[in-house]
Amino acid sequence: MKIVHAASELFPYMKTGGLADAVGALTVTFAEMGHEVSVFLPGYRGALSHPLAAGAERRFRIKVEMGDESLSGDVFAFSPSKNLTVFLVVRDEFYDRRFPYGNGERDYEDNSDRFIFFCKAVVETMRLADLGADIVHAHDWQTALLPLLLREAERRFGVTLAMKTVFTIHNIAFQGLFSAACYPRTNLPDELFSMDGLEYYGQVNFMKAGILFADRVTTVSPRYAKEIQTPEFGCGLEGVVQTRVDDLSGLINGVDPAVWNPVTDKLIPARYSASNLSGKRTCREELLRQCGFDADFQGPVFGMICRLTEQKGVDLVLANADFFTTGACRFVVLGAGDRRMEAALGKLASAWPDKVYLCPKHDEAMSHLIEAGCDYFVMPSLFEPCGLNQMYSQVYGTVPIVSRVGGLFDTVRDADEDQASGTGLMCAPTAPELRDALERALRLFANRSCYAAVQQRGMARDFSWRTAAAAYEALYRDAL
Ligand code: ADP
Ligand code: GLC
């Protein structure tokens, strides 16, 4: 098949979270399976200067209509591996920035323009390059207008650019909600600024367009596919999602073994496998050292890696701060984002430097060291469409402590409830329930053989992207 993906993040060129990992691994896997894959990414500063993009060449000079204006851009392309072409949409005014969506404090003010332009640039490039796609697959709100803009362009030019379109919701909490003033920039018909179109309580909602106008809608776990049909998790779009239930499915992400595999991982000080965990002990010692803790410490080390946001249950962790400061354990957090959360965690770490460590930045190598060096991974998300770290943790023999939501529900089993097949500890996303799970973790760790059994079962699990990609492939074929 000829498959076109478009996303605002793509590992290793631009990443803020799991979206990058998911689209990166999915596109590489499809290419390895023999499909012809094109993937579009905005030409961010970091993407253009990435060593793998060194051979990128300017392929097209494009003109994009934005309301009454016509804006130009350049489309660069390179092929990092067989069957795979990466297209970078370059317009410095929009993308020559360090971060994709905002500068930490707040979102860029021109985000609606930036991503309308991006979607239109994808359509225009598909037309100029005559890509003849079987499937166009858009991800999250940033590219949610693509399926609709594609059909509009086909109508206008009397051509077929793609057979079917797929839209994946990676997180319904971010919808791309903008003032109605941006609507004319889409050049879409006025009728579509209505309840059956992009209008949402007087504003423009990009994600709504993806859900309504793609041929198929997917999200990243079966459980989340059910959850987003409810007011509790649908973030106001549950009614819209309900109109597409017949075309909606939940497909779990995978783990990219080229990046996340303790047997081959170059970012950790020693490699290891389920049958020989001595390397994991080395990683643990190195982690303890890097955090300024006593490297001989024998109790459990808890780790957490996430964007610091409400979603990730950071407040539940903070409510249990005394567990980490008074218990016989150590706690390492890698995360940046919300200033209040960062400050609260920072305060905890400076008050208890022997027990709590905060690394307040995005650090790829540190994330691998934490996955490898910890005994437990803490992920008490309030909601979690899929979640990747609970899977990475199982692969790295780090027992995950997760809440029973979304993809966490689908990929972890509780070791106390299910003694034959449990691979982690689960709780409801509340502070007391998390406390209970943390206490259970201490008891489990004290029983070495039980802990080892849970750890081994996690390491034996198969989270391969092949399985995930095969599920998408079946969905594509079904749509076609
Ligand atoms: P989300 O996409 O909601 O952020 P996921 O669990 O799907 O959550 O994916 C998060 C990804 O981002 C993981 O690969 C994780 O290791 C990575 N990550 C999050 N915060 C950091 C950080 N501060 N430094 C390095 N990697 C991080
Ligand atoms: C989103 C979700 C996360 C998911 C990731 C990749 O960022 O928050 O749960 O794993 O997308 O699909």
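About the criteria used
Residues numbered from 1 in each chain as written. Chains lettered and ligands numbered in written order. Predicted model: local features only at pLDDT ≥ 70, side-chain atom pairs only at ≥ 80, totals over all residues. Heavy atoms only, no water. Pairing = 2+ DSSP bridges. Helix = DSSP H or I, 4+ residues; strand = E, 2+ residues; numbered from the N terminus. Axes fitted to C-alpha atoms, helices over the stretch in contact; angles between N-to-C directions. 1 Å grid on protein atoms, 1.4 Å probe; cavity = no way out; pocket = protein on both sides within 12 Å on 5 of 7 lines; lining within 4 Å. Points joined across faces, edges and corners; volume = space filled by probe spheres on them. Nonpolar A, V, L, I, M, F, W, Y, C, P; charged D, E, K, R; others polar. Contact = heavy atoms within 4.5 Å. Near = heavy atom within 4 Å. Polar contact = N/O pair within 3.5 Å; in protein donor to acceptor, adjacent residues only side chain to side chain. Areas by Shrake-Rupley, 256 points an atom, 1.4 Å probe, with all protein chains shown as cover. Domains from an automatic or database assignment. Expected span 1.5 Å × (residues − 1). Buried < 20%, exposed > 50% of the residue type's maximum accessible area, 1.4 Å probe, protein only. Parallel < 35°, antiparallel > 145°, perpendicular 65-115°, else oblique. Left-handed = near helix turned anticlockwise from the far one by under 90°.

1. Overview of the sheet that holds strand E16 (residues 376–379)
Then, in step 1: Strand order across the open sheet formed by six strands is E15-E14-E13-E16-E17-E18, with parallel pairing between neighbours. Pairing within the sheet leaves two strands with one partner each, and these edge strands are strand E15 (356–359) and strand E18 (425–427). On average, each strand axis in the sheet is tilted by 20 degrees relative to the strand beside it, whichever way the strands run.
Then, in step 2: Of the pairings in the sheet, the one linking E16 to strand E17 (residues 399–403) comprises four bridges and is parallel in character.

2. Topic: empty space enclosed by the protein
Then, in step 1: Per the stated rule, a full pass over the model turns up one cavity of 30 Å³ or more.
Then, in step 2: Size it by volume and the largest cavity reaches roughly 70 Å³.
Then, in step 3: Looking at the lining of the largest cavity element by element, the count peaks at three residues for helix H1 (residues 18–32).
Then, in step 4: Classifying every residue of the lining of the largest cavity by side-chain character gives seven nonpolar, two polar and two charged.

3. Some thoughts on the sheet that holds strand E6 (residues 133–139)
Strand pairs in the sheet, formed through backbone hydrogen bonds, run parallel or antiparallel to each other.
Then, in step 1: Judged by pairing direction, the sheet is mixed, and its nine strands sit side by side in the order E3-E4-E5-E2-E1-E6-E7-E11-E12 without closing on themselves. Taken across any chain shown, the strands that pair with only one partner, and hence form the sheet edges, are strand E3 (57–66) and strand E12 (248–250). Ignoring strand direction, the axes of neighbouring strands in this sheet form an average angle of 25 degrees.
Then, in step 2: Strand direction decides the pairing type here: strand E7 (residues 162–169) and strand E11 (residues 216–219), joined by four bridges, are parallel. When the sheet's bridge partners are listed, Ile 169 is paired in E11 with Thr 219.
Then, in step 3: This element, helix H4 (residues 111–129), spans strand E1 (2–6), strand E2 (36–42), E3, strand E4 (69–81), strand E5 (84–90), E6 and E7 of the sheet and lies at about 120 degrees to E3.

4. Considering the site of ligand 1
Then, in step 1: Near ligand 1, the surroundings consist of 21 residues, among which Gly 18, Arg 307, Lys 312, Lys 361 and Leu 388 are the closest.
Then, in step 2: The separation between a nitrogen atom of ligand 1 and a polar main-chain atom of Lys 361 is 2.8 Å.
Then, in step 3: A distance of 3.2 Å separates an oxygen atom of ligand 1 from a polar side-chain atom of Asn 389.
Then, in step 4: When ligand 1 sits alone it has 560 Å² of accessible area, and the protein chains cover 93% of it.
Then, in step 5: Listed by contribution, the elements that provide at least two residues to the shell around ligand 1 are H1, strand E13 (301–308), strand E14 (330–337) and helix H15 (389–395).
Then, in step 6: The element contributing the most residues to the shell around ligand 1 is E13, with three residues.
Then, in step 7: By residue class, the composition of the shell around ligand 1 is six nonpolar, eight polar and seven charged.
Then, in step 8: For the shell around ligand 1, the domains that each give at least three residues are domain 1 (2–254 + 465–479) and domain 2 (278–460).

5. Quick look at helix H10 (residues 278–290)
Then, in step 1: Helix length check: H10, at 13 residues, gives a terminal C-alpha distance of 19 Å against a target of 18 Å (1.5 Å per residue), a fit within 8%.
Then, in step 2: Taken as a whole, H10 has its buried residues at Gly 279, Lys 280, Cys 283, Arg 284, Leu 287 and Leu 288.
Then, in step 3: Those residues of H10 that are buried lie in contact with E13, E14, helix H14 (364–373), helix H17 (431–446) and helix H18 (448–459).
Then, in step 4: At the exit of H10 stands Gly 292, carrying a positive phi of roughly 80 degrees.

6. Here's the deal with the site of ligand 2
Then, in step 1: Near ligand 2, the surroundings consist of 13 residues, among which His 170, Asn 253, Glu 384, Cys 386 and Gly 387 are the closest.
Then, in step 2: Interatomic distance of 3.5 Å between a backbone N/O atom of Pro 385 and an oxygen atom of ligand 2.
Then, in step 3: For the shell around ligand 2, the per-class residue count stands at five nonpolar, six polar and two charged.

7. A few points about the packing of H10 against H14
Then, in step 1: Close contact between H10 and H14 brings their axes to 8 Å; oriented N to C, the two are set at 125 degrees. By the angle between their axes, H10 is oblique relative to H14. Judged by the twist between their axes, the crossing of H10 over H14 is left-handed. In this structure, H10 contributes Lys 280, Cys 283, Arg 284, Glu 286, Leu 287 and Gln 290 to the contact, and H14 contributes Met 366, Leu 369, Ile 370, Glu 371, Ala 372 and Gly 373.
Then, in step 2: In terms of residue class, the contact of H10 with H14 is made up of six nonpolar, two polar and four charged.

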